[in-house]
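A structural walkthrough
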Amino acid sequence: MDIRTKIYFHLVWLLILGAVTTSCNKDDDEGDSDSPSEERYTGDAYQDLNSPWVKDSDKKTHFTRWECILFGSYPTNEVVSSSFSAVDDYALASGDVIADATLYSRLEDADWTDDDTEIGGKRYHRLKGSGTVTCSTDREQHYRWTDTDAWHFFAYAPIKWRILKISGTKAVLLADRMPDTCPFHDKDEDVNWSGSHLRQWLNKEFFNRAFSETEREAIELTNVENSPNAQYGTYCGPDTQDYVFILSNNEVFASPLASDYGFYAGSGIDDPARRFRSTLYAKCRGAWWSSVMNYRGNSFWFMRTNGYTPSSITYVCDFGYLYNQGTAVTCDDAAVLPAISIDLTKARYQKAPSVVSTDVND
């Protein structure tokens, strides 16, 4: 049984015994009990875009609606020649698999530069086992490779972002699905966000692949605060400046900023607003997905806050629980949920359908 599944059943068993009053771990209950009843937009508006709309009432009825935009693009949907069985059906979204034998054949014969090519004005990326973080033929709840030397082809698709907050003409964005996977660090050692492999990868490889030169000019250099772990006091490194970053514990749990971003700032629930799914490309690269009923298909995602030791990193699991003790910084199957800040006056974006916190409930 996977460690995250074990954690889930352990917490359920504790609830049955009456040993705890919340499905969150006691070491994570940093906030007050329940937020006061309130319906509000959490920040400014810009033209036809709004900051999150939040109904802060109690743990049972907390609700958030994020407006979304399309900005940048990334390998997302796999092109196959016929049938597809590498991922369980429940973990797939509509459009994840493109069954097109003719296109597949053209991709096999195409000329590639840095594993990218263009056909009919559309961009594609190829990947084999050696280009993944981890690949296996039989690892449960992971992409099933039948031939690690065979190329897999992915179509680029626009990245959908949730608007976490608008301040004037600046917007903080969080990806709606995890587009990729990457270990927090490439060595088992004490490390914080400032020196992590993931920070370097996001601000180089991901940044350059996901955004055109024009799009990069609209992305703000963000001042990223790296506060100590509130429960354990673990030092999380100096503050940084980044074009791409991931969220911290304070930004998703028990703080006014978490509430502004649309997350439940009290304690006592596994917040649906913190549940996310990964793209098929991220799964092919090694991202795990849950098989637990009511959370099937969800993945888990890193925070930039260290856990109870400097060699561990916190994460949010499939059912929206912030695991404050953390996991090893070398964990190889967490998905990455990037965040950016953009200048809306410079960005060429397209408005996309909004997302509500109950969308990722099962």
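Look up: the structure comes first, before these words.
Okay, so let's go over this structure. Note that the coordinates shown come from a computational prediction; the quantities given were computed from them, not determined experimentally.

1. Considering the nonpolar core
Counting residues in hydrophobic clusters, the biggest one holds 86 residues, and the most contacted among them are Phe71, Leu198, Leu247 and Ile342. In this view, Leu198 contacts Cys182, Pro183, Phe184, Trp193, Ile246, Phe302 and Val336; residues no more than four positions away in its chain are not counted. The next biggest cluster of nonpolar side chains, apart from the first, holds 10 residues, and it includes Val79, Leu103, Trp112 and Ala155.

2. Concerning the pattern of salt bridges
Scanning all chains against the criterion turns up 16 salt bridges. Between Arg139 and Asp333 there is a salt bridge, and its shortest N-O distance comes to 3.4 Å. Taken together, the residues Arg139 in the loop between strand S8 (122–127) and strand S9 (152–167) and Asp333 in the loop between strand S18 (322–328) and strand S19 (335–336) connect sequence positions 194 residues apart. Where Glu251 meets Arg304, a salt bridge forms, and the shortest distance between an N and an O atom there is 2.8 Å. With a gap of 53 residues between them, Glu251 in helix H5 (residues 249–252) and Arg304 in strand S16 (residues 301–306) connect regions that are remote in the sequence. In this pair, the class of Glu251 matches that of Arg304, namely buried.

3. A short note on the packing of aromatic side chains
With the rule as written, the count across this model stands at 25 aromatic pairs. A centroid spacing of 5.7 Å and a plane angle of 15° characterise the contact between Trp112 and Phe153, whose relative ring orientation is stacked. Taken together, the residues span a long stretch of sequence, with Trp112 in the loop between helix H2 (101–109) and strand S7 (116–119) and Phe153 in strand S9 at a distance of 41 residues. Taken individually, Trp112 and Phe153 each receive the classification buried, so the pair is uniform in this respect. Ring geometry for Trp288 and Phe300: centres 5.8 Å apart, planes at 70°, overall edge-to-face. Taken together, the positions of Trp288 in the loop between helix H7 (280–285) and strand S15 (298–299) and Phe300 in the loop between S15 and S16 put the pair 12 residues apart, joining distant regions of the chain. In terms of burial, Trp288 and Phe300 fall into one category: buried. Through pairs of rings, three or more aromatic residues link up here, namely Phe71, Tyr74, Phe154, Trp161, Trp201, Phe206, Phe207, Phe211, Tyr243 and Tyr281. Positioned above the aromatic ring of Phe207 is the side chain of Arg216, whose terminal nitrogen or guanidinium carbon lies 6.0 Å from the ring centre.

Basis of the calculations
Residue indices begin from 1 for each chain and proceed along its sequence in written order. Per-residue local features are limited, in this predicted model, to residues with pLDDT of at least 70; the limit for side-chain atom pairs, both in listing and counting, is 80 or more; totals at the level of whole chains, interfaces and linings are taken over all residues. Only heavy atoms go into the side-chain values, all of them from the structure, while hydrogens and water stay out. Take the buried Ala, Val, Leu, Ile, Met, Phe, Trp, Tyr and Cys residues and link them wherever side-chain atoms come within 4.5 Å; each set so joined is a nonpolar core. The buried label goes to any residue with under 20% of its type's maximum accessible area, the exposed label to any with over 50%, and the partly exposed label to all in between, with areas taken from a 1.4 Å probe on protein chains only. Should any heavy atoms of two residues lie within 4.5 Å, those residues are considered in contact. Here, a salt bridge means any Lys or Arg side-chain nitrogen found within 4 Å of an Asp or Glu carboxyl oxygen. Numbering of helices and strands runs from the N terminus, with a helix taken as a DSSP run of H or I at least four residues long and a strand as a DSSP run of E at least two residues long. Any Phe, Tyr or Trp ring, taking Trp's six-membered ring, that has another such ring centre within 6.5 Å forms a pair; planes under 30 degrees apart are called stacked, those over 60 apart edge-to-face, and the others tilted. By the criterion adopted, a ring carries a charge over it if an Arg CZ or a Lys NZ lies within 6 Å of its centre and within 35 degrees of its normal.

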